[in-house]
Structure formats: structure tokens, C-alpha cells
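Understanding the architecture of this molecule
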Amino acid sequence: QVQLVESGGGLVQPGGSLGLSCTASTNIFKFSNLAWYRQTPGTGRELVATINSGGSTNYADSVKGRFTISRDNAKNTVYLQMNSLKPEDTAVYYCNCRLLARDSWGQGTQVTVSP
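None of these values were measured; they are calculated from a predicted model.

Criteria and cut-off values
Residues numbered from 1 in each chain as written. Predicted model: local features only at pLDDT ≥ 70, side-chain atom pairs only at ≥ 80, totals over all residues. Heavy atoms only, no water. Disulfide = S-S within 2.5 Å. Helix = DSSP H or I, 4+ residues; strand = E, 2+ residues; numbered from the N terminus. Buried < 20%, exposed > 50% of the residue type's maximum accessible area, 1.4 Å probe, protein only. Phe/Tyr/Trp six-rings, centres within 6.5 Å; stacked < 30°, edge-to-face > 60°. Lys NZ or Arg CZ within 6 Å of the ring centre and 35° of its normal. Salt bridge = Lys/Arg side-chain N within 4 Å of Asp/Glu carboxyl O. Contact = heavy atoms within 4.5 Å. Pairing = 2+ DSSP bridges. Axes fitted to C-alpha atoms, helices over the stretch in contact; angles between N-to-C directions.

What about the state of the cysteines?
For the structure on display, the rule yields 1 disulfide. One disulfide in the model links Cys22 with Cys95; its S-S distance is 2.0 Å. Its torsion about the S-S bond being 50 degrees, the disulfide of Cys22 and Cys95 is classed as right-handed. On the criterion of sequence distance, the pair formed by Cys22 in strand 3 (residues 18-24) and Cys95 in strand 9 (residues 91-99) is long-range, its members being 73 residues apart. In this pair, the class of Cys22 matches that of Cys95, namely buried. Unpaired in terms of disulfides, Cys97 finds its nearest cysteine sulfur in Cys22, a separation of 7.8 Å. For Cys97, a relative accessible area of 1% translates into the label buried.

Concerning the packing of aromatic side chains
Scanning the model with the defined rule gives 1 aromatic pair in all. Over the aromatic face of Trp105 sits the side chain of Arg45, whose NZ or CZ is 4.5 Å from the ring centroid. Arg71 extends its terminal NZ or CZ atom over the ring of Phe29, reaching a point 5.0 Å from the ring centre.

As for the pattern of salt bridges
A side chain of one charge can pair with a side chain of the opposite charge when the charged atoms of the two come close. Under the criterion given, the structure shown has 5 salt bridges. Across the salt bridge formed by Arg38 and Asp89, the nearest N and O atoms sit 2.9 Å from each other. Highlighted residues: Arg38 in strand 4 (residues 33-39) and Asp89 in the loop between strand 8 (77-82) and strand 9, separated in sequence by 51 residues. A single burial state applies to Arg38 and to Asp89, both of which are buried. Salt-bridge contacts for Arg98 lead to Asp103; the nearest nitrogen and oxygen are separated by 2.7 Å. Taking relative accessible area as the criterion, Asp103 reaches 32% and is therefore assigned partly exposed. It is possible to trace a salt-bridge network through shared partners that takes in Arg38, Glu46, Arg66 and Asp89.

Observations regarding the environment of Gly106
Tracing the backbone through its elements, the reader meets Gly106 in the loop between strand 10 (102-105) and strand 11 (109-113). Separated by 71 residues in sequence, Gly106 and Ala35 place their C-alpha atoms 11 Å apart. The residues touching Gly106, leaving out its near neighbours within four places in the chain, are Leu4, Glu6, Tyr94 and Cys95.

Some details on the sheet that holds strand 7 (residues 67-72)
Reading across the sheet, the 4 strands line up as 1-3-8-7 and stay open at both edges, with antiparallel pairing between neighbours. Pairing within the sheet leaves two strands with one partner each, and these edge strands are strand 1 (4-8) and strand 7. Geometrically, the sheet is characterised by an average inter-axis angle of 15 degrees between neighbouring strands, direction not taken into account. As defined by bridge partners, strand 3 adjoins strand 8 across 6 bridges and the pair is classed as antiparallel. Bridge pairing in strand 8 places Leu18 opposite Met82.

So, to be careful, I would describe these as geometric facts and stop short of saying anything about function.
Now the structure itself:
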């Protein structure tokens, strides 16, 4: 089981920016497919962005042009840079690592966008 530790998040005003990071405890991180999800109370987890082992990315329509997912294999870390934040981006954000057909999850970090 891969351990994932998230950091970042917090409170930001609409239009502001935040960055999330997630570090994995595996020495084969470079082979993993990674993603960020988010969840609000009473809803299921929503896929926000993905990046595969080759570096190809995909985004939910709701965040395209505002969020950027990236990875640093040397640091075993995946990032989510969030710009032009909106109140509807408020959620708990989770990183996901899929490696050898197994999913691992971070502990979640709260992002709140409010005046």
C-alpha cells in the first residue's frame, strides 16, 4: 500500500490561488498514474485532474484553464495548482495514486473559497 501525504489547501478569496501537493512513499512512483479528486458534503468524489506516467494530463470541464496538475518523479510528488478559484471549488481535495492496479488515497485537505 502506497502512503500518500497531502499538504496545502486552506482559505482563499474568490479569484485567488492555492497549491496542493501530495508525496508518495514508493520507489516506483514514476510508473504510477495520478489524480486529484474533490468531494463536498453529501456528494460523491468528483474527478478533477489526472496525469499519467507519461505526463499526459486531463481535466474536468469545470476546472480547465484554471487548474494545472503536474508531477515531479524525483520527489515522488504530484501537484495541483489552482488559479482563479471560485466558491464552487470549495471541497475536500484528495490525491489518488494508481500503481500495479491498486488505488491509494491521501488523507484529504480542505480548500475553502470565500470572501
